[in-house]
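# Geometric and topological summary
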Amino acid sequence: MANLTAVILAAGKGTRMKSKLPKVLHKVGGHPMLEHVMDAAEAAGCRNNVVVIGHGADLVRELVGNRAQIALQAEQLGTGHAVLQAADTLRDFTGTVMILCGDTPLLEAEELRKFYEAHVKSGASATVMSAMMEDPFGYGRILRDEKGDVAGIVEEKDAAPEQKKIKEINTGNYCVEAPLLFEVLKTLGNDNAQGEYYLTDVLAKLRGMGKKVGGVVTADSEMIMGVNSRRQLAVAESVMNRRILERLMDEGVTIMDPASTFIEKSVKIEPDTVIYPFTWLQGETAIGEDSEIGPNVRMKNVKTEKGCRVQFAYVCDCEVKKGAEPRPFVQYSPAFVLENE
């Protein structure tokens, strides 16, 4: 999809996190939130992506590396202002810009791919991804016209009492055609409750120009969850861990007690392995088939061959040979090779 690129917003400080670490670098499933979003965008077909950075710019730039281009938002003046910082980088780009938030680690590539395809099929100049929420407090509400097209988005602080009853909310994910996107962004004002340049105002501007604005409702409201606090971070961690465990079980791994098992996204486990309670698998750990791991095991960056049994141990940066059974209640140091005794 050479005509699809992503602009990922990652400039916010995340005041409610109460951390010296930029919000998007906090980890979910063992990896920074921003990394999850970049993974999803790339897997969905986005190319030559741009990450907009601001607070903790050096740390975020280090994480991004050469995976995406960088645009700096030196002063945080709203989401519209943030996307506008990518204008120079994408000045020669013609196609669809998918705008994503760097603090939504539960986004999945397949949903983004469907979103893009629906946008293209509709012929809209812009499409917003929405979701239905029983409790929509805090989210921007989707306003639709009699045809079902999106007439606009009103933020919580600017919404009238009747508008606050609307359950369809803005997820903060958009597909917008370029270069039209950047032409409209340059015309935005900041006459609102927060004195910011809202990206949502682009949709109203496009409507005023006679352009079609569409809306695609995602069936998975968990996926679009943004993380703004440590409490929300814990919720996102729980959701991601559940999804990882469900995927592994579907692939033939037995997990005795999902409630006490924690497995990071990068871990690989072959079929017919049994994971016992109170097990935590991290990093680039790879478990061979027919193994038994746990109970009470923590493994990080460990490769085990077929038929290994590890229980009551902390194993880090090690290799466990076929059929080996490390002694319990022992911490194995890095580069140690455990043989079958």
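As a reminder, the structure under discussion sits directly above these lines.
Residues numbered from 1 in each chain as written. Predicted model: local features only at pLDDT ≥ 70, side-chain atom pairs only at ≥ 80, totals over all residues. Heavy atoms only, no water.

## Focus on the pairing of strand 19 (residues 297-300)
- Across the two faces of strand 19 the burial differs, with Val297 and Met299 buried and Arg298 and Lys300 not buried at all.
- In the sheet, strand 16 (residues 279-282) pairs with strand 19 via four bridges, with the strands oriented parallel. Bridge pairing in strand 19 places Trp280 opposite Arg298.
- Note that strand 19 and strand 22 (residues 313-316) share four bridges and pair parallel. Bridge pairing in strand 22 links Met299 to Val315. (Buried < 20%, exposed > 50% of the residue type's maximum accessible area, 1.4 Å probe, protein only. Helix = DSSP H or I, 4+ residues; strand = E, 2+ residues; numbered from the N terminus. Pairing = 2+ DSSP bridges.)

## Re the sheet that holds strand 18 (residues 292-293)
- Read across the open sheet, the four strands follow the order 12-15-18-21; overall the sheet is parallel. Strand pairing shows two members of the sheet lacking a second neighbour, strand 12 (254-255) and strand 21 (309-310), which therefore form its edges.
- Note that strand 18 and strand 21 share two bridges and pair parallel. Bridging from a neighbouring strand, Ile293 pairs with Val310 of strand 21.

## Here we look at unusual backbone geometry
- The omega torsion across Ala178 and Pro179 is 15°, close enough to zero to call that bond cis.
- With respect to the helices and strands, the residue Pro179 is situated in the loop between strand 10 (168-178) and helix 5 (180-185).
- With an omega of 5°, the peptide bond between Gly294 and Pro295 qualifies as cis.
- Mapped onto the secondary structure, Pro295 falls in the loop between strand 18 and strand 19.

## A few points about helix 6 (residues 201-208)
- Regarding helix 6, the residues found buried are Val202, Leu203 and Leu206. Projection of helix 6 onto a plane perpendicular to its axis shows the buried side chains occupying an angular sector of 100°, all on one side.
- Elements in contact with the buried residues of helix 6: strand 7 (126-132), strand 9 (150-154), strand 10, helix 5 and strand 11 (213-217).
- Downstream of helix 6 by one or two residues, Gly210 has phi in the positive range, about 85°. (Arc of directions from axis to C-beta. Contact = heavy atoms within 4.5 Å.)

## Re the environment of Leu206
- Turning to its location among the elements, Leu206 is positioned in helix 6.
- A relative accessible area of 1% means that Leu206 is categorised as buried.
- Between the C-alpha atom of Leu206 and that of His36, which follows or precedes it by 170 residues, the distance is 31 Å.
- Leu206 has contacts with Ser125, Ala126, Val176, Leu180, Val184, Lys211 and Val213, leaving out every residue within four places of it along the chain.

## Things to note about the pairing of strand 16
- Of the pairings in the sheet, the one linking strand 13 (residues 261-263) to strand 16 comprises three bridges and is parallel in character. Opposite Thr261, over in strand 16, you have Thr279 as the bridge partner.

## With respect to the packing of helix 1 (residues 33-43) against helix 4 (residues 109-122)
- In contact at an axis separation of 8 Å, helix 1 and helix 4 are set at 50° when each is read in the N-to-C sense. With respect to helix 4, the axis of helix 1 lies oblique. Along this stretch, helix 1 crosses helix 4, giving a crossing that reads as right-handed. Residues Ala40, Ala41 and Ala43 of helix 1 pack against Ala109, Leu112 and Arg113 of helix 4.
- Per-class residue counts for the contact of helix 1 with helix 4 are five nonpolar, no polar and one charged. (Axes fitted to C-alpha atoms, helices over the stretch in contact; angles between N-to-C directions. Parallel < 35°, antiparallel > 145°, perpendicular 65-115°, else oblique. Left-handed = near helix turned anticlockwise from the far one by under 90°. Nonpolar A, V, L, I, M, F, W, Y, C, P; charged D, E, K, R; others polar.)

## Examining helix 4
- Its 14 residues place the ends of helix 4 20 Å apart at the C-alpha level, agreeing with the 20 Å of an ideal helix rising 1.5 Å per residue.
- Buried residues of helix 4: Ala109, Glu111, Leu112, Phe115, Tyr116 and His119, and no others. Viewed along the axis of helix 4, the buried residues span an arc of 165°, placing them on a single side of the element.
- In the segment just after helix 4, Gly123 is the residue with positive phi, at about 75°. (Expected span 1.5 Å × (residues − 1).)

## Considerations on the side chain of Asp145
- Take Asp145: it is sitting in the loop between strand 8 (141-144) and strand 9.
- Overall, Asp145 belongs to the buried group, its relative accessible area being 16%.
- Among the polar contacts made by the side chain of Asp145, one reaches the main-chain amide nitrogen of Lys147 at a distance of 2.9 Å.
- There is a polar contact of 3.0 Å between the side chain of Asp145 and the backbone nitrogen of Gly148.
- Excluding residues that lie within four positions of it along the chain, Asp145 makes contacts with Ala151 and Arg207. (Polar contact = N/O pair within 3.5 Å; in protein donor to acceptor, adjacent residues only side chain to side chain.)

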